[in-house]
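So the chains spell out like this:
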Number of protein chains: 2
Amino acid sequence: MQEKQYVQYGSCCAGSCGASKDITGCRFSLSPMSDRYVEIILGAIEQVDVSKVWSKTERLSTLYRGRREHVIDAVKACFVHAWQPDVHMTMEMTFSKGCPGDTDAESYLAEDTVLRNESSMKEIHFPVDCKISLYPMGVSNYMEFIAHVVNHAVDLGIYAGSTHYVTVLKGDVHALFDYFAWVNEYCANELSHYVLEATLSVNSPTAE
Amino acid sequence: MQEKQYVQYGSCCAGSCGASKDITGCRFSLSPMSDRYVEIILGAIEQVDVSKVWSKTERLSTLYRGRREHVIDAVKACFVHAWQPDVHMTMEMTFSKGCPGDTDAESYLAEDTVLRNESSMKEIHFPVDCKISLYPMGVSNYMEFIAHVVNHAVDLGIYAGSTHYVTVLKGDVHALFDYFAWVNEYCANELSHYVLEATLSVNSPTAE
C-alpha cells in the first residue's frame, strides 16, 4: 500500500515569501469558443516571445514566471495574438506574488526591462469585457486595498460596475493590461502576498 | 462634468460579514470550445432547476446565491447538462461566503435541504480535470487551512499534484462536486470569509 503524500506547507509563515527572488507569476487559460480552438490557442502561444520569462504549458493552463513587466508583456501578447475578430473567447488569469509556499525554482528574472512583445501588438486594438477579484492575503484590512484598486479603475474610466464577488471593467485591451500592470506593482509594494484573478472576454454575443 | 462614483467599502471590517443571512454564492462561466457554444451554454442553464437559489445570468457569468447545498446542486447541474461527449469545455467557478462587503440582497434561502437537481444527473458520469485555489481572507495563518483542504483531497484519492498557485485534482464529476461541498462546509465553519476558485476541464485533447 502506497503511503499518502500529504502537502507540508501548512506551517509556512504568513508575511514571508517562500521565494527569495522577486518573482511574479501568471497562470492563464485561453478558451476560444470555436471548433478551431486548438489552432487559435497553439498559434497564439507560439507567437509569444518568452525569452524573458520562465514558461510552461500544462494540460489545464500556461504559466509564466519572472519579472513583473515581462510576465505581463508575455500574457498580454498571448491574448492579443489569440484574438480573432469573429470568435468569442475568454481568458482566465491568475496573477500572484509572494506566496509563503513559493520557491525560487522554475523562474527566470531577465536583467533588463526592455519588453519583447509590445512592438508586435501595439497597433492592435479591440474592446474587452473583464471581471477582476483581488485577494490581499494574510492581512485583516484587505478591504482597503481592494477599494483602492477598484477606485483607481474608476479614475481611469474603465470601471463598469461592482457586482457580487467581482468588479466589472470595460476598455481597450491596452488600457486593461496597463491597469493590470499598475495593480500588480501597487500590490507588490503594499502587500507581502496577493492574488489578482481576472477574466477577459471578447466578442460576446450577449447584449449589454 | 460627472462626479466619479467611488466604491466605499474600504472601511468594511474584516471578520464581520456584510450579510446577516447565511448566504453562499457561486459565480461561474462555461466555455465550450465549439461553434455550438451558444446552444450548449443556454441549453444547460435552461435545464437547471433554480427554484431554490437566487439566480442571475449576466454578460460575463452566471451567479447563484442561497443555501450552500442548493448553490452547489445548481452549479453542478449546469456543468453536467453542458457536458457533451465530444466537446472540450472549461468552467471557471468562484465560490464565496462571508465578504465584509456582501449584503442580504439578491439571495434566496430555501427552507429545506431537498436537492432539486441531483436526481436529473446522478446517473451521468465523466472524468474531469480540475485546478483549485483557496483564499482564506483576513487571517495570517491561511496556509494551514489551504494545506488541510488539499490534504483532504489526498485522502479522497482525487489529488493529482501541486503546482504554482493551484492544486490539481482529477476525478469523476460527482467526486469533485462532493469535495467542493466538503470544502465549502469546512471553510464556512472555520473562516469568516473565504473564496474558493476552481476551474473544471473536460475532453481536453492535450496528452496527460
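Everything quoted here is computed from the prediction, not taken from an experiment. (Residues numbered from 1 in each chain as written. Chains lettered and ligands numbered in written order. Predicted model: local features only at pLDDT ≥ 70, side-chain atom pairs only at ≥ 80, totals over all residues. Heavy atoms only, no water.)

### Side note on the sheet that holds strand β4 (residues 89–97) of chain B
All names here are of chain B.
Okay, so step 1: A sheet is described by the order of its strands in space; here 8 strands give the open sequence β2-β3-β1-β4-β8-β5-β7-β6, paired in antiparallel fashion. The strands lining the two open edges of the sheet, one partner per strand, are β2 (54–57) and β6 (159–163). The sheet shows a mean angle of 20 degrees between the axes of neighbouring strands, direction not considered.
Okay, so step 2: Its contacts with the sheet place helix α1 (residues 37–47) against β1 (24–32), β2 and β3 (62–66), and it is angled at close to 150 degrees to β1.
Okay, so step 3: Against the sheet, helix α2 (residues 68–82) contacts β1, β3, β4, β5 (127–136) and β8 (194–202), and its axis sits at roughly 5 degrees relative to β1. (Pairing = 2+ DSSP bridges. Helix = DSSP H or I, 4+ residues; strand = E, 2+ residues; numbered from the N terminus. Axes fitted to C-alpha atoms, helices over the stretch in contact; angles between N-to-C directions. Contact = heavy atoms within 4.5 Å.)

### Considering the pairing of strand β5 (residues 127–136) of chain A
All names here are of chain A.
Okay, so step 1: Most of β5 sits out of view: 9 of its 10 residues are buried.
Okay, so step 2: Here β5 runs beside strand β7 (residues 166–172); their pairing, made up of 6 bridges, is antiparallel. Directly across from Pro127, in β7, lies its bridge partner Asp172.
Okay, so step 3: Here β5 pairs with strand β8 (residues 194–202) via 8 bridges, running antiparallel. Looking at the pairing, Tyr135 lines up with Val195 of β8. (Buried < 20%, exposed > 50% of the residue type's maximum accessible area, 1.4 Å probe, protein only.)

### Here's the deal with the packing of helix α1 (residues 37–47) of chain A against helix α2 (residues 68–82) of chain A
Residue and element names in this part refer to chain A.
Okay, so step 1: Interaxial distance between α1 and α2 falls to 8 Å at its minimum, and their mutual angle equals 135 degrees. The orientation of α1 with respect to α2, classified from their angle, is oblique. Handedness of the α1/α2 crossing: right-handed. Residues Ile40, Ala44, Ile45 and Gln47 of α1 lie in contact with α2, whose contacting residues are Cys78, His81 and Ala82.
Okay, so step 2: A breakdown of the residues in the contact of α1 with α2 according to their chemical character gives 5 nonpolar, 2 polar and no charged. (Parallel < 35°, antiparallel > 145°, perpendicular 65-115°, else oblique. Left-handed = near helix turned anticlockwise from the far one by under 90°. Nonpolar A, V, L, I, M, F, W, Y, C, P; charged D, E, K, R; others polar.)

### A closer look at helix α5 (residues 173–190) of chain A
Residue and element names in this part refer to chain A.
Okay, so step 1: For α5, built from 18 residues, the straight-helix expectation of 26 Å at 1.5 Å per residue is met to within 8% by its first-to-last C-alpha distance of 26 Å.
Okay, so step 2: All of the buried residues in α5 are Val173, His174, Leu176, Phe177, Tyr179, Phe180, Val183, Asn184, Tyr186, Cys187 and Ala188.
Okay, so step 3: Where α5 begins, the capping side chain belongs to Asp172, and its oxygen is found 3.0 Å from the backbone nitrogen of His174. (Expected span 1.5 Å × (residues − 1). Polar contact = N/O pair within 3.5 Å; in protein donor to acceptor, adjacent residues only side chain to side chain.)

### Considerations on the relation of the copies chain A and chain B
Okay, so step 1: After a rotation of 180 degrees and a shift along the axis of 0.0 Å, chain A superposes on chain B with an RMSD of 0.0 Å. Accordingly, the operation relating the two chain copies is best matched by a two-fold axis.
Okay, so step 2: Most of the interface of chain A is mirrored in chain B, where 100% of its interface residues are also at the interface. (Least-squares fit on C-alpha atoms with pLDDT ≥ 70 in both.)

### Description of the pattern of salt bridges
Residue and element names in this part refer to chain A.
Okay, so step 1: Taken as a whole and judged by the stated rule, the model has 26 salt bridges over all chains.
Okay, so step 2: The shortest N-O distance in the salt bridge between Glu118 and Lys76 comes to 3.2 Å. Separated by 42 residues along the polypeptide, Glu118 in helix α3 (residues 118–121) and Lys76 in helix α2 bring together distant segments of the chain.
Okay, so step 3: The exposure class assigned to Lys76 is buried, which follows from its relative accessible area of 4%. (Salt bridge = Lys/Arg side-chain N within 4 Å of Asp/Glu carboxyl O.)

### Focus: the pairing of β2 of chain B
All names here are of chain B.
Okay, so step 1: Pairing geometry for β2 and β3, over 4 bridges, is antiparallel. Within β3, the position partnered with Trp54 by the bridge is Arg65.
Okay, so step 2: Linking two consecutive strands that pair antiparallel, namely β2 and β3, is a turn of 4 residues.

### Focus on α1 of chain B
Residues and elements named next belong to chain B.
Okay, so step 1: Within α1, the full set of buried residues consists of Tyr37, Ile40, Ile41, Ala44 and Ile45. Looking straight down α1, one finds its buried side chains confined to an arc of 120 degrees; they lie on one side. Relative to its buried face, α1 has exposed residues pointing more than 90 degrees away, namely Glu39 and Glu46.
Okay, so step 2: Those residues of α1 hidden inside the fold are in contact with β1, β2, β3 and α2. (Arc of directions from axis to C-beta.)

### Description of the side chain of Ser31 of chain A
Okay, so step 1: For Ser31 of chain A, the position within the fold is in strand β1 (residues 24–32).
Okay, so step 2: Those residues within four positions of Ser31 of chain A in sequence are excluded, and the remaining contacts are His88, Met89 and Thr90 of chain A together with Ser31, Met33 and Thr90 of chain B.

### Topic: the side chain of Asp129 of chain A
Okay, so step 1: Take Asp129 of chain A: it is sitting in strand β5.
Okay, so step 2: Polar side-chain contacts of Asp129 of chain A include one of 2.7 Å to the side chain of Lys170 of chain A.
Okay, so step 3: Excluding residues that lie within four positions of it along the chain, Asp129 of chain A makes contacts with Leu169, Lys170, Thr199, Leu200 and Ser201 of chain A together with Arg59 and Leu60 of chain B.

### Quick notes on the interface of chain A and chain B
Okay, so step 1: Taken together, the contacts link 76 residues of chain A with 76 residues of chain B.
Okay, so step 2: Taking both partners together, chain A and chain B bury about 6100 Å²; carbon and sulfur atoms supply 59% of that area.
Okay, so step 3: Our count for the contact surface shared by chain A and chain B stands at 6 salt bridges.
Okay, so step 4: Two residues, Lys131 of chain A and Glu92 of chain B, come together in a salt bridge whose shortest N-O distance is 3.0 Å.
Okay, so step 5: The interface formed by chain A and chain B contains 33 residue pairs in polar contact (both at pLDDT 80 or more).
Okay, so step 6: If one sorts the elements of the side of chain A that touches chain B by residue count, helix α4 (residues 142–156) of chain A sits on top with 9 residues.
Okay, so step 7: A breakdown of the residues in the side of chain A that touches chain B according to their chemical character gives 35 nonpolar, 25 polar and 16 charged. (Buried area = accessible area lost by both parts, 1.4 Å probe.)

### Regarding the confidence of the model for chain A
The predicted coordinates of low-pLDDT regions are not to be read in fine detail.
Okay, so step 1: Summarising the model, chain A shows a mean pLDDT of 94, and 99% of its residues fall at 70 or more.
Okay, so step 2: The ipTM assigned to the predicted complex is 0.94, against a pTM of 0.95. (pLDDT = per-residue confidence, 0-100.)

### What to know about unusual backbone geometry
Residues and elements named next belong to chain A.
Okay, so step 1: Positive phi outside glycine occurs at Tyr165, with the angle close to 75 degrees.
Okay, so step 2: Residue placement: Tyr165 occurs in the loop between β6 (159–163) and β7.
Okay, so step 3: Since its relative accessible area comes to 16%, Tyr165 is described here as buried.
Okay, so step 4: Of note, the phi angle at Asn203 is positive, near 60 degrees, even though the residue is not glycine.
Okay, so step 5: By the secondary structure assignment, Asn203 is in the segment after β8.
Okay, so step 6: Look at Asn203 and you get partly exposed, because its relative accessible area is 32%.

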